[in-house]
Every structure is written in structure tokens, then in C-alpha cells.
Amino acid sequence: MSTLIIWVMGAGLLLLLVNIMLRTRILRLEARLKELSSPQEQLAFLRQQAAHKDKIPAIKALRKQYPEFSLIEANNLWKQI
């Protein structure tokens, strides 16, 4: 019985460590993504899309290019051009 408890606690600890490692990696990737894309690049991309498309396809293309944008943020950026 005590062996089973030790196995369960070991598995729980392993899952906790994996969770912490993955969460840390995700946070680093999100920070890197924000670092790579400046607001000027985003606005230039949206202007390029706006020249060829209507509002909705341009906003969809922007959100596809920059997945960190919410729909509200993309719409606010559209209003700037």
C-alpha cells in the first residue's frame, strides 16, 4: 500500500514539474512574439491589407499574422488608418 502512495505522489510531482516547465516556455514564447512584432509593423501590415481588401478580410488577415491580437484590438488598429 505504501508503495502505491509513493508512486502516486511521484507521478503527481512529475506532472507538476512538467506543468511548470511548459508554462514557463509558453510565457517566454509569448514575450518573444511581442518582442518581434512592433506596432509600426502591425499598422503597416494592416494598411497593406486595407489597400486590397475590405475591413473584415483585412482584420482577419491581421489576426492571422499576429495571433496575439484580440478582435477588439484589431478593430481599434483599423480605426487608426
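Each remark here, short or long, concerns the structure printed above.
This report concerns the structure included in the present document. Please read these numbers as outputs of a predicted model, since none were measured by experiment.

Conventions used here
- Residues numbered from 1 in each chain as written.
- Predicted model: local features only at pLDDT ≥ 70, side-chain atom pairs only at ≥ 80, totals over all residues.
- Heavy atoms only, no water.
- Patch = residues over 30% accessible without salt bridge, like charges linked within 9 Å, V, L, I, M, F, W, Y side chains within 5 Å.
- Areas by Shrake-Rupley, 256 points an atom, 1.4 Å probe, with all protein chains shown as cover.
- Salt bridge = Lys/Arg side-chain N within 4 Å of Asp/Glu carboxyl O.
- Helix = DSSP H or I, 4+ residues; strand = E, 2+ residues; numbered from the N terminus.
- Buried < 20%, exposed > 50% of the residue type's maximum accessible area, 1.4 Å probe, protein only.
- Arc of directions from axis to C-beta.
- Axes fitted to C-alpha atoms, helices over the stretch in contact; angles between N-to-C directions.
- Parallel < 35°, antiparallel > 145°, perpendicular 65-115°, else oblique.
- Left-handed = near helix turned anticlockwise from the far one by under 90°.
- Contact = heavy atoms within 4.5 Å.
- Nonpolar A, V, L, I, M, F, W, Y, C, P; charged D, E, K, R; others polar.
- Core = buried A, V, L, I, M, F, W, Y, C linked by side-chain atoms within 4.5 Å.

Attention now goes to a nonpolar patch on the surface. Together, M1, L4, I5, V8 and M9 give the surface a local cluster of nonpolar side chains, amounting to about 590 Å² of exposed area. When you line up the elements, M9 lands in helix α1 (residues 2-36). With relative accessibility at 59%, the residue M9 sits in the exposed group.

Take helix α3 (residues 55-65) next. All buried positions along α3 are accounted for by A58, I59, A61 and L62. All buried residues of α3 project into a common sector of 160° when viewed along the axis, lining one side. Along α3, the residues that are exposed and aim more than 90 degrees away from the buried face are I56, K60 and K64.

Residue position: M1 is located in the segment before α1. Given a relative accessible area of 77%, M1 falls into the exposed group. Taking the C-alpha atoms as reference points, M1 and E68, 67 residues apart in sequence, are found 48 Å from one another.

It is worth spelling out the packing of α3 against helix α4 (residues 71-80) at this point. It is at 10 Å that the axes of α3 and α4 come closest, and there the two elements cross at 120°. Looking at the two axes, α3 sits oblique to α4. With respect to the hand of their crossing, α3 and α4 are arranged in right-handed fashion. For the pair formed by α3 and α4, the contact residues are K55, A58, I59, L62 and R63 on the first element and L71, A74, N75, L77 and W78 on the second. Residues belonging to the contact of α3 with α4 are distributed by class as follows: seven nonpolar, one polar and two charged.

This next bit is on the nonpolar core. Within soluble globular proteins, side chains that are nonpolar generally end up buried alongside one another. Membership of the largest hydrophobic core is limited to 12 residues, which are L43, F45, L46, A58, I59, A61, L62, Y66, F69, A74, L77 and W78. Listing elements by their share of this core, those giving two or more residues are α2 (39-52), α3 and α4. In terms of residue count, α3 provides more of this core than any other element does, four residues in total. If sequence neighbours within four positions are ignored, W78 has contacts with L46, A50, D54, K55, A58 and I59.

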